[in-house]
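Residue-level listing of the chains:
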Amino acid sequence: VVVVVVEYEIQRLAVDERCRGKGLGKRFLRVAEEYARRQQASIETENTTSVTIKLWAITPECLIAANRLYESVGYRKEETFQAGSLRMNVYCKSLSLKAEMKQ
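Residues numbered from 1 in each chain as written. Predicted model: local features only at pLDDT ≥ 70, side-chain atom pairs only at ≥ 80, totals over all residues. Heavy atoms only, no water.

**Q** I tried to follow the packing of aromatic side chains on my own but got confused; where do I start?
**A** The way to describe two aromatic rings as a pair is by their centre distance and the angle between their planes. This model, assessed by the stated rule, comprises 2 aromatic pairs. Ring geometry for Y70 against Y75: centres 5.3 Å apart, planes inclined by 70 degrees, an arrangement best described as edge-to-face. A centroid spacing of 5.7 Å and a plane angle of 25 degrees characterise the contact between Y70 and Y91, whose relative ring orientation is stacked. Of the two residues, Y70 is situated in helix α2 (residues 64-72) and Y91 in strand β4 (residues 86-96); the sequence distance between them amounts to 21 residues. For Y70, a relative accessible area of 4% gives the class buried. (Phe/Tyr/Trp six-rings, centres within 6.5 Å; stacked < 30°, edge-to-face > 60°. Helix = DSSP H or I, 4+ residues; strand = E, 2+ residues; numbered from the N terminus. Buried < 20%, exposed > 50% of the residue type's maximum accessible area, 1.4 Å probe, protein only.)

In C-alpha cells form, the structure reads like this:
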C-alpha cells in the first residue's frame, strides 16, 4: 500500500473590493483545486493506492472576508500565529484522489 500526500500553498489570493460578493474567490479556489487534482492524476500512479492533496492558505486574521471565504469552501483553521503585529490564520483543505484513481 502506497499513500502519497502532495501539498500546495495558495498565496496572495485577493479579489478587488468592487468585485467582491460575486463568487470570484470561490471560483479561484475551485480552479486551484481542479489544477491540483489534474496535476496529480497525470502522474504515474501504478503502485499508489491513494493520493491526498493538501491545499494550504495563510491569511491575516483581520481580513474577515478572506477568512470567511476559506471556511465557506471547506478549509479548516489549523493554527494561528503572530507575525509582527498581525495574527495569521493557517487553513488547510484535503482532497482525496483514491476514488477517482480506481475508475
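Additional details are given in the paragraphs that follow.
**Q** So what exactly am I meant to see when it comes to the sheet that holds β4 here?
**A** The strands making up a sheet associate through hydrogen bonds between their backbones, and the pairing can be parallel or antiparallel. Across the sheet, 4 strands lie side by side as β1-β2-β4-β3; this open sheet has mixed pairing. Each edge of the sheet is formed by a strand with only one pairing partner; in this case those strands are β1 (3-10) and β3 (76-83). Here the average twist between neighbouring strands, direction ignored, is 25 degrees. Across 9 bridges, the pairing between strand β2 (residues 50-60) and β4 is antiparallel. (Pairing = 2+ DSSP bridges. Axes fitted to C-alpha atoms, helices over the stretch in contact; angles between N-to-C directions.)

**Q** Looking at this structure, I do not really get α2. What am I missing?
**A** Given 3.6 residues per turn, any residue in an α-helix points the same way as the ones three and four places further on. Listed as buried for α2 are N67, L69 and Y70. On an axial view of α2, the arc spanned by its buried residues comes to 155 degrees, and they lie on one face. Of the exposed residues in α2, those oriented more than 90 degrees away from the buried face are A65 and R68. Against β1, α1 (24-41), β2 and β4 lie the buried residues of α2. Immediately downstream of α2, the backbone of G74 shows phi near 95 degrees, a positive value. (Arc of directions from axis to C-beta. Contact = heavy atoms within 4.5 Å.)

**Q** Looking at this model, I keep getting lost on α1. Mind explaining?
**A** Here α1 spans 25 Å end to end across 18 residues, near enough to the 26 Å set by a 1.5 Å rise per residue. Where α1 is concerned, the buried positions are G25, L29, E33, A36, R37 and Q40. Down the axis of α1, the buried set is contained in an arc of 115 degrees. They therefore lie on one face. Exposed and facing more than 90 degrees away from the buried side of α1 are V31, R38 and A41. (Expected span 1.5 Å × (residues − 1).)

**Q** I keep staring at the layout of surface pockets and nothing clicks. Help me out?
**A** Using a probe with the size of a water molecule, rolled over the atoms, empty space left in the structure can be pinpointed. By volume, the largest pocket amounts to about 560 Å³. The wall of the largest pocket is formed by 23 residues, among which L13, V15, A65, A66 and L69 lie closest to the centre. Mapped onto the lining of the largest pocket, the elements with two or more residues apiece are α1, β2 and α2. Take the lining of the largest pocket: its biggest share by element is 5 residues, from α2. (1 Å grid on protein atoms, 1.4 Å probe; cavity = no way out; pocket = protein on both sides within 12 Å on 5 of 7 lines; lining within 4 Å. Points joined across faces, edges and corners; volume = space filled by probe spheres on them.)

Keep in mind that these numbers describe shape and distance, not what the molecule does.
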